[in-house]
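Fold and contact review
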Amino acid sequence: MHTLLLASNNPGKIADFSALSSTTIVKLIPQAEFSVPEIAETGLSFVENALIKARHAAPFAPFPVLADDSGLMVEDLNGAPGLYSARFAGVQATDQENIEKLLQELAKVPNARRRAKFYCVVVLVRYPQDPAPLICEGTWEGEILTAPRGTLGFGYLPIFYSPQHQKSGAELTVEERTHSNHRRQAFNQLLKKYLSEHA
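Residues numbered from 1 in each chain as written. Predicted model: local features only at pLDDT ≥ 70, side-chain atom pairs only at ≥ 80, totals over all residues. Heavy atoms only, no water.

**What about the layout of surface pockets?**
- By volume, the largest pocket is sized at about 920 Å³.
- Lining the largest pocket we find 40 residues, and of these Asn10, Lys13, Glu41, Ser70 and Ala86 sit closest to its centre.
- By residue class, the composition of the lining of the largest pocket is 15 nonpolar, 15 polar and 10 charged. (1 Å grid on protein atoms, 1.4 Å probe; cavity = no way out; pocket = protein on both sides within 12 Å on 5 of 7 lines; lining within 4 Å. Points joined across faces, edges and corners; volume = space filled by probe spheres on them. Nonpolar A, V, L, I, M, F, W, Y, C, P; charged D, E, K, R; others polar.)

Here it is as structure tokens:
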């Protein structure tokens, strides 16, 4: 069994990654168990933000650190909310406030132009100054609904429609959602790379 620190305090992300790792030989321990304080995500890209979180948490644990950064990118909004997905409606915005702002921005946009995708980058640092971190990415293509649907998801999942599942992200269970989404793609690639180093 390989133990990794998960550099996140987000309950939704922790649940997703726990589901992803449950059938692997990797055990993920949330950073709260090592009293890792929050760090400002000041990067200009998803990769930079993930690395900031991973390097920040690395000194607190005796094993490698996994971190991700992800967001929703809406085609008609030139990729917004993107890096600012969690604070689209303001620094302390709730999921509901972010959803409401996005729906307002797209109020006059026809269905044919409501294409969007979730993007995720996952990084792994073996130690704080690791000069060659593992970096993998994944995407989940879909569309933005005109109103929320479902109660099983967090973030923008209630208004993200997955044609693959013919449901909103919040109408899917954690297991259904993580079967093939952006986080699964990125995590699987990274796990393959990491385990190949220890074969």
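**What to know about the pattern of salt bridges**
- In the structure shown here, the tally under the stated rule is 12 salt bridges.
- Lys53 serves as the salt-bridge partner of Asp69, at 3.4 Å between the closest nitrogen and oxygen. Of the two residues, Asp69 is situated in strand E3 (residues 65-74) and Lys53 in helix H2 (residues 46-57); the sequence distance between them amounts to 16 residues. Across the pair, Lys53 and Asp69 agree in class, each one buried.
- Between Arg126 and Glu197 there is a salt bridge, with its nearest N and O atoms 2.6 Å apart. Here Arg126, found in the loop between strand E4 (115-125) and strand E5 (134-144), pairs with Glu197, found in helix H5 (residues 182-197); they are 71 residues apart in sequence, far enough to count as distant. (Salt bridge = Lys/Arg side-chain N within 4 Å of Asp/Glu carboxyl O. Helix = DSSP H or I, 4+ residues; strand = E, 2+ residues; numbered from the N terminus. Buried < 20%, exposed > 50% of the residue type's maximum accessible area, 1.4 Å probe, protein only.)

**Things to note about H2**
- Taking 1.5 Å per residue, 12 residues should reach 16 Å; H2 reaches 17 Å between its end C-alpha atoms and fits that length.
- Of the surrounding elements, those touching the buried residues of H2 are strand E1 (2-6), helix H1 (11-21), E3 and E4. (Expected span 1.5 Å × (residues − 1). Contact = heavy atoms within 4.5 Å.)

**A few points about the packing of aromatic side chains**
- Counting across every chain of the model gives six aromatic pairs.
- Between the aromatic rings of Phe17 and Phe187, the centroid separation amounts to 6.0 Å while the plane-to-plane angle is 65 degrees, which identifies the pairing as edge-to-face. Linking Phe17 in helix H1 with Phe187 in helix H5, this pair joins segments that are 170 residues apart in sequence. Neither Phe17 nor Phe187 differs from the other in exposure class; each is buried.
- Their ring planes at 55 degrees and their centres at 4.6 Å tell us that Phe118 and Phe160 sit as a pair that is tilted. Residue Phe118 is located in strand E4, and its partner Phe160 is located in strand E6 (residues 160-162); the two are separated by 42 residues in the primary sequence.
- Phe118 gets classed as buried once you look at its relative accessible area, which sits at 8%. (Phe/Tyr/Trp six-rings, centres within 6.5 Å; stacked < 30°, edge-to-face > 60°.)

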